[in-house]
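What follows is the residue order along each chain.
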Amino acid sequence: MADKVLVSDKLSQEGINILKDAGFKVDCQYELSPEQLKKEIKKYQAIIIRSSTKLTAEVIKAAKNLKFIARAGVGVDNVDIKAATSRGIIVMNAPGGNTISTCEQTFALILAVARNIPFAHNSLKNKKWERSKFKGAELYLKKLGIIGLGRIGKEVSKRALSFGMEVFVYDPFLQKEIAESLGIKPIGLKELLKISDFITVHTPLTESTKNLISDKELNLIKKSAFLINCARGGIIDEKALAKALSEKKIAGAALDVYSQEPPFKLNLIDAENIIVTPHLGASTKEAQVNVAIEAANSLKDALLGKAINNALNYAQLEPEAYKIIQPYFSLADKMGSFISQLSEGAIKKIKISYLGKISTQKTDIISGIFIKSLLARQLESDINQINALSLAKERGIKIEQIKAPEEQEYVNSIRVKVSTDKEEKILEGTLFANFNPRFVSMDNVCIEVAPSKYMLVINNKDMPGVIGFLGTTLGKDSVNIAGMSLGRHAPKGIALTILNLDNTPKEKTIERIKANKNIISLKLVKF
Ligand code: NAD
Ligand code: MLT
């Protein structure tokens, strides 16, 4: 059955068509209440949202079949990403599509505050001719302070430079050289606030940017300066800003975003020296089409298993890289399941080594699949490749991942060592003909085993007659041996025998084999 996609905020038809043309069933249901959303979301494998739909932990818990959340826009503060990750849901955004649109909105607001455009407009509409009242300020040679020099911040800086402004930036995650190469001066936040004539905010809303500009910071700003926010409400403390505006501590502000939208309960919007727009940054025809296409394409590729683009809680995987690592998913899955059925005790440590060229790829995804299969039998909670690493760490399991690009015995292989409080298991696997999973060594004994539905893993004394005994005993139970791999450290020591079986032996046959004095241990593994 085709995957079902819920579109819960208005989305350009271009995006909807991409999903429909790919064969998905697309339902558009707007303005659902949280209760309605909790009920509806159960039916869908994917959801596309903009900023109105709130995907809280509670809604995500109800989303039993959801695999992907696509945000047609940049900000994902309306999605509980932690809850999505622990449920194994991939969250993707559409980061580039509305950059120019939001940058232009920012610049429109900078010019609007500098030249009193909305106030002058209203005055004239009210049949007043107040030319001296609306004397403005030029941008030329003025200082613009940008907080957050990401996609939008950079575009704003380019336009400001072309207006002859001097541009400063505060962004603790930005390399100084990048700012300098753009003709922008990186400085500290305090200094930026003190010297700027216009200050514009372009960071995401995070724990560290919430109330980034509050009373203390507003006190540093020049009386003649203007503050602009086209990023997210809450980065500027709204109460503190209302106070600063009413006390004329700063010249004015222009806001496009609010901590609560619509912001009708905010006194701030009544201030006389503020210009407000209703979250219009991305509201251009071009941006809406761009983000709808970007989000729909990412979702389509993800649902078809072709690529993972713009994921915020999963590695980015271009189609080319996906093609290379995808065959290892099955190998990792089988290795994890194999060891989980063989090893005893509580897992303490997992070491995963990627040997050869595969080590140059984004192997976290393969590790996630291995750990998911290793732990799935032990955990009550839903585990999948997205939450596996974090669930394992939560359980105190140490995880080490090693990459050794130099070619070893195989062009590519994965070697895992799982240590429990009782024992240690080592398994190495590779792909034959680039897609057939093979186990090529176990506990440092060379083998060559294609994982199959039923397998017997036996440690036996290396002496004549054991293989014959196994064949006869299984034959008596009508169990056909489809494949066999034998290995040992040294003659007459302990040997490892792995049998691929066409059907599963009866319990009493297994007991009969175990009772033989030359059999040290035996485990039946099923895939
Ligand atoms: P981006 O990720 O490209 O850039 C964000 C920048 O903020 C990065 O350079 C990052 O290093 C910086 N940053 C993070 N924490 C910081 C901190 N504590 N102090 C200073 N800098 C910090 O994002 P973008 O595409 O440029 O978008 C920026 C914001 O604009 C997003 O949060 C998004 O929600 C918002 N946005 C709003 C609209 C709108 O309609 N008004 C439209 C698009 C985007
Ligand atoms: C965004 O984060 O992309 C913006 O808030 C635009 C929007 O979705 O309205």
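The structure presented is a predicted model; accordingly, all values stated were derived computationally and were not measured.

Student: Looking at this model, I keep getting lost on helix α5 (residues 99-115). Mind explaining?
Tutor: Each turn of an α-helix holds 3.6 residues, which means side chains three or four residues apart point in the same direction. Over its 17 residues, α5 runs 24 Å from end to end, which matches the ideal 24 Å to within 8%, given 1.5 Å per residue. Listing the buried residues of α5 in full gives Thr 99, Ser 101, Thr 102, Cys 103, Gln 105, Thr 106, Phe 107, Leu 109, Ile 110, Ala 112, Val 113 and Ala 114. Asn 116 lies just past α5 and shows a positive phi near 55 degrees.

Student: I would appreciate a short explanation of the site of ligand 2 in the present structure.
Tutor: As a structural note, the neighbourhood of ligand 2 is formed by Arg 50, Ser 51, Arg 71, Gly 73, Val 74, Gly 75, Asn 98, Arg 232, His 279 and Ala 282. Between ligand 2 and Arg 50 there is a distance of 3.5 Å, counted from an oxygen atom to a side-chain nitrogen or oxygen. At a separation of 2.6 Å, an oxygen atom of ligand 2 approaches a polar backbone atom of Val 74. Considered on its own, ligand 2 offers 270 Å² of accessible surface; in the complex 92% of this is hidden by protein.

Student: How should I be thinking about the nonpolar core in this particular structure?
Tutor: Inside soluble globular proteins, nonpolar side chains tend to come together where they are buried. Among the nonpolar cores identified, the biggest contains 73 residues, and Leu 299, Phe 338 and Phe 370 are the most heavily contacted of them. Ranked by residues supplied to this core, first place goes to helix α13 (residues 319-342) with 11 residues. Contact partners of Phe 338, with chain neighbours within four places excluded, come to Leu 427, Phe 439, Met 442, Met 455, Val 457, Ile 498, Val 525 and Phe 527. Within the second largest apolar cluster, 29 residues are counted, among which are Ile 147, Ala 240, Leu 245 and Leu 255.

Student: For this particular structure, what's the right way to read a nonpolar patch on the surface?
Tutor: Taken together, the side chains of Ile 467, Met 484 and Leu 486 define a hydrophobic patch exposed on the protein surface, amounting to about 250 Å² of accessible area. Looking at where Leu 486 falls in the secondary structure, it is placed in strand β20 (residues 481-488).

Student: Is there a simple way to think about unusual backbone geometry in this case?
Tutor: Across the chain, the bulk of peptide bonds are trans and the bulk of non-glycine residues have phi less than zero. Following Glu 261, the chain continues into Pro 262 via a peptide bond in cis, with omega recorded as -5 degrees. Considering the arrangement of structural elements, one finds Pro 262 in the loop between β11 (252-255) and β12 (274-276).

Student: Would you explain the packing of aromatic side chains in this entry?
Tutor: The geometry of an aromatic ring pair comes down to the distance between the two centres and the angle between the two planes. One pass over the full model with this rule turns up 5 aromatic pairs. Aromatic pair Phe 107 and Phe 163: ring centres 5.1 Å apart, planes at 45 degrees, arrangement tilted. On the criterion of sequence distance, the pair formed by Phe 107 in helix α5 and Phe 163 in the loop between α7 (151-162) and β7 (166-170) is long-range, its members being 56 residues apart. Of the residues examined, Phe 107 reaches a relative accessible area of 7% and is grouped as buried. The exposure class of Phe 163 is partly exposed, given its relative accessible area of 37%. Taking the centre distance of 4.7 Å and the plane angle of 50 degrees together, the rings of Phe 338 and Phe 439 count as tilted. Pair noted here: Phe 338 is in helix α13 and Phe 439 is in strand β17 (residues 436-442), with a separation of 101 residues, a long-range link.

Student: In this structure, what is going on with the site of ligand 1? I would like to understand it.
Tutor: The local shell around ligand 1 holds 26 residues, among which Thr 102, Arg 151, Ile 152, Asp 171 and Cys 230 are the closest. Here an oxygen atom of ligand 1 sits 2.9 Å away from a polar atom, N or O, in the main chain of Arg 151. A distance of 2.7 Å separates an oxygen atom of ligand 1 from a polar side-chain atom of Asp 171. Calculation on ligand 1 without its partners gives an accessible area of 870 Å², and the protein chains cover 88% of this total. Within the shell around ligand 1, the residues separate by chemical class into 11 nonpolar, 11 polar and 4 charged.

Scoring rules and cut-offs
Per chain, the residues get numbers from 1 upward, laid out in the order the sequence is written. Whichever chain is written first becomes A and whichever ligand is written first becomes 1, with later ones labelled in order. Only residues with pLDDT of 70 or above have their local features reported here, since the model is predicted, and side-chain atom pairs are shown and tallied only from 80 upward, although totals for entire chains, interfaces and linings are computed over all residues. Here the side-chain values reflect all heavy atoms present in the structure, with hydrogen atoms and water set aside. Each helix is a run of DSSP H or I of at least 4 residues and each strand a run of E of at least 2, with the numbering of both proceeding from the N terminus. Given the number of residues in a helix, its expected span is that number minus one, multiplied by 1.5 Å. Three labels apply to residues, based on accessible area from a 1.4 Å probe with only protein chains included: buried if under 20% of the type maximum, exposed if over 50%, partly exposed otherwise in between. Residues are labelled near a given molecule or strand when at least one of their non-hydrogen atoms is within 4 Å of it. Pairs of N or O atoms are called polar contacts if they sit within 3.5 Å, as long as, within protein, a hydrogen donor faces a hydrogen acceptor (for residues adjacent in sequence, only side-chain-to-side-chain pairs). All accessibility values rest on the Shrake-Rupley procedure with a 1.4 Å probe; residue burial counts only the protein chains present in the view. Grouping buried Ala, Val, Leu, Ile, Met, Phe, Trp, Tyr and Cys residues that are joined through side-chain atoms within 4.5 Å yields what is termed a nonpolar core. Here, residues are in contact when the closest pair of their heavy atoms is within 4.5 Å. Nonpolar side chains (Val, Leu, Ile, Met, Phe, Trp, Tyr) are joined into patches within 5 Å and like charges within 9 Å, using only residues with over 30% relative accessible area and no salt bridge. Here, a salt bridge means any side-chain nitrogen of Lys or Arg that lies within 4 Å of a carboxyl oxygen of Asp or Glu. Any two of the Phe, Tyr and Trp rings considered here, Trp counted by its six-membered ring, make a pair once their centres fall within 6.5 Å; the pair's planes then place it as stacked at under 30 degrees, edge-to-face at over 60, or tilted in between. Note on residue categories: nonpolar means Ala, Val, Leu, Ile, Met, Phe, Trp, Tyr, Cys or Pro, charged means Asp, Glu, Lys or Arg, and polar means any other residue, Gly included.

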